[in-house]
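# Structure at a glance
Residue strings, one per chain:
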Amino acid sequence: MIETEQIVFVSEDGTPTGETGPKLASHHMHTRLHLAFSCYVFRASDHKFLLTRRALGKKVWPGVWTNSFCGHPAPGEKLEDALKRRGEFELGLHNLEQIKCVLPHYRYTTPPFSGIIENEFCPVFAAYTRDEPEPNPDEVEEYRWLAWQEYVHLAEAGPDNMSYWALDQFKQLKNLEPFTLLGT
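Here's what I pulled together on the structure shown here. Since the model is a prediction, treat every value here as computed from it, not as a measurement.

## As for the packing of helix H3 (residues 148-157) against helix H4 (residues 164-173)
H4 packs onto H3 with a crossing angle of 110° between their chain directions and a minimal axis gap of 10 Å. In this view, H3 runs roughly perpendicular relative to H4, as classed from their interaxial angle. H3 and H4 meet at a crossing whose hand is left-handed. Residues Trp148, Tyr151, Val152, Ala155 and Glu156 of H3 touch H4, and the partners they reach there are Ala166, Leu167 and Phe170. Residues belonging to the contact of H3 with H4 are distributed by class as follows: seven nonpolar, no polar and one charged.

Okay, structure coming up:
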């Protein structure tokens, strides 16, 4: 199998270096800093948050609960376009609305997992949808719609079955709009 998906390497401030690499082969114990994104999707009708569980067949962090979806922009692809592409691919969400970057400079490095370290400059987005998810089984094992306050209680408990980045992002998200407004 020839890998065609490429990631964009960046400097510490998120500026692309002009270098790219194959997605899977670039993730290892010495993963270079690269561009990614995370998205928190809310249902437009009732403002519930879409929590997803990563597919059991994922190479890293299989079976853990996490934010709605994550991904990597392709070289030259705008983050918002990559976000829409990945939302459709992972969850069948054809209509993402009110997309807002809520943590433009979020960066993290995970502890090793199966010999792989995530090392990402990863802007975090919030978006709304009117669609009901149709998960890609290679990406998403299951999903739940939760009131934001339910997620707050879950994340504050810091369970072992949640992704590193979701728990790390939560530390900053819990005090930001639109998230603070969802509890009122």
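## Quick look at the side chain of His72
Within the fold, His72 resides in the loop between strand S7 (69-71) and helix H2 (79-91). In this structure the side chain of His72 is engaged in a polar contact, spanning 3.3 Å, whose partner is the side chain of His34. Here His72 is in contact with Ile7, Lys23, His27, His34, Leu35, Ala36, Phe37, Glu77, Arg85 and Glu120, once residues within four sequence places are set aside.

## Structural notes on unusual backbone geometry
Within the chain, Trp61 stands out as a residue other than glycine whose phi angle is a positive 55°. One non-glycine residue, Ser114, lies in positive phi territory at about 50°. Structurally, Ser114 is set in the loop between strand S9 (107-109) and strand S10 (119-121). With a relative accessible area of 61%, Ser114 lands in the exposed category.

## Notes on the nonpolar core
If you look at the biggest cluster of nonpolar residues, it comprises 29 residues, and the most contacted ones within it are Tyr40, Phe42, Phe49, Tyr106, Val124, Trp148 and Tyr151. The set of elements that each furnish at least two residues to this core consists of strand S4 (37-43), strand S5 (49-54), strand S8 (96-103), strand S11 (124-129), H3 and H4. When neighbours within four sequence positions are excluded, Tyr106 is seen to be in contact with Glu120, Phe121, Cys122, Pro123, Val124, Trp165, Asp168, Gln169 and Gln172. Residues Leu93, Ala127, Val140 and Trp145 belong to the second largest nonpolar core, which totals 15 residues.

Definitions and limits used
- Residues numbered from 1 in each chain as written.
- Predicted model: local features only at pLDDT ≥ 70, side-chain atom pairs only at ≥ 80, totals over all residues.
- Heavy atoms only, no water.
- Axes fitted to C-alpha atoms, helices over the stretch in contact; angles between N-to-C directions.
- Helix = DSSP H or I, 4+ residues; strand = E, 2+ residues; numbered from the N terminus.
- Parallel < 35°, antiparallel > 145°, perpendicular 65-115°, else oblique.
- Left-handed = near helix turned anticlockwise from the far one by under 90°.
- Contact = heavy atoms within 4.5 Å.
- Nonpolar A, V, L, I, M, F, W, Y, C, P; charged D, E, K, R; others polar.
- Polar contact = N/O pair within 3.5 Å; in protein donor to acceptor, adjacent residues only side chain to side chain.
- Buried < 20%, exposed > 50% of the residue type's maximum accessible area, 1.4 Å probe, protein only.
- Core = buried A, V, L, I, M, F, W, Y, C linked by side-chain atoms within 4.5 Å.

Without other data, these values stay purely geometric and don't point to any function.
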